[in-house]
Amino acid sequence: MRLKISILFTLMAFFATTVMAQDAQGEDTETAPQSSLLMPNAFSPNGDGINDIYQPKEGYQNISEFHAYIFNRWGQKLFEWSNPAEGWDGTYKGKPVKEGVYFCLVKAKGSDGKIYNIKTDVNLLRGLNSSIQ
């Protein structure tokens, strides 16, 4: 029985999403889990099922607020979204945009209080095919 409880507590500690720390007086305090958010610089919405949606890189975590915008080179807003699990499919008003460079602006906040102001170019590559040898 003692072994089962020990394994249970080990698993609970492994899957915990909060971190315990000590303040200046040595008291235990609970801190928010570390956040992480990275945006790619290219995607290929060519219908092959690989990298067809522009969205945060896999592994983003503990994001409490998220808002992203896509602009063309003239500053026209083409798309915006507020859920990091979603993203841009390379269209504007239901029609595919041309291959080229676009601009992404992301304003986000992690549950640990970290602020993300990401500004990056996005290369939209329609001709890219995963069957290139």
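The structure this text deals with has already been given above.
Residues numbered from 1 in each chain as written. Predicted model: local features only at pLDDT ≥ 70, side-chain atom pairs only at ≥ 80, totals over all residues. Heavy atoms only, no water.

L37, Y54, F66, W81, W88, Y102 and V106 are the most contacted members of the largest nonpolar core, which has 20 residues in total. Of all the secondary structure elements, the ones that give two or more residues to this core are β4 (63-71), β5 (77-81), β8 (100-110) and β9 (115-124). Setting aside residues up to four positions removed in sequence, W88 forms contacts with F43, D52, I53, Y54, I70, L78, F79, W81, V97, Y102 and L124. (Core = buried A, V, L, I, M, F, W, Y, C linked by side-chain atoms within 4.5 Å. Buried < 20%, exposed > 50% of the residue type's maximum accessible area, 1.4 Å probe, protein only. Helix = DSSP H or I, 4+ residues; strand = E, 2+ residues; numbered from the N terminus. Contact = heavy atoms within 4.5 Å.)

This part is about the pairing of β4. Where β4 meets β8, eight bridges bridge the pair, whose relative direction is antiparallel. Residue pairing for β8: I70 is matched across the bridge by C104. In terms of strand pairing, β4 meets β5 through four bridges, oriented antiparallel. Residue pairing across strands places Y69 opposite E80, the latter belonging to β5. (Pairing = 2+ DSSP bridges.)

This brings us to the packing of aromatic side chains. Applying the stated criterion to the full structure yields seven aromatic pairs. Judged by centre distance (6.2 Å) and plane angle (25°), the rings of Y69 and F71 are stacked. Through successive ring pairs, a cluster of aromatic residues spans F43, Y54, F66, F79, W81, W88 and Y102. (Phe/Tyr/Trp six-rings, centres within 6.5 Å; stacked < 30°, edge-to-face > 60°.)

Taken in spatial order, the five strands line up as β3-β9-β8-β4-β5 in an open sheet, and their pairing is mixed. With partners counted over all chains shown, the strands left at the sheet margins are β3 (42-43) and β5, one partner each. Sheet topology places β8 next to β9; 10 bridges connect them, and they run antiparallel. Across the sheet, the residue bridging to K109 is I115, located in β9.

By themselves these figures say nothing about function.
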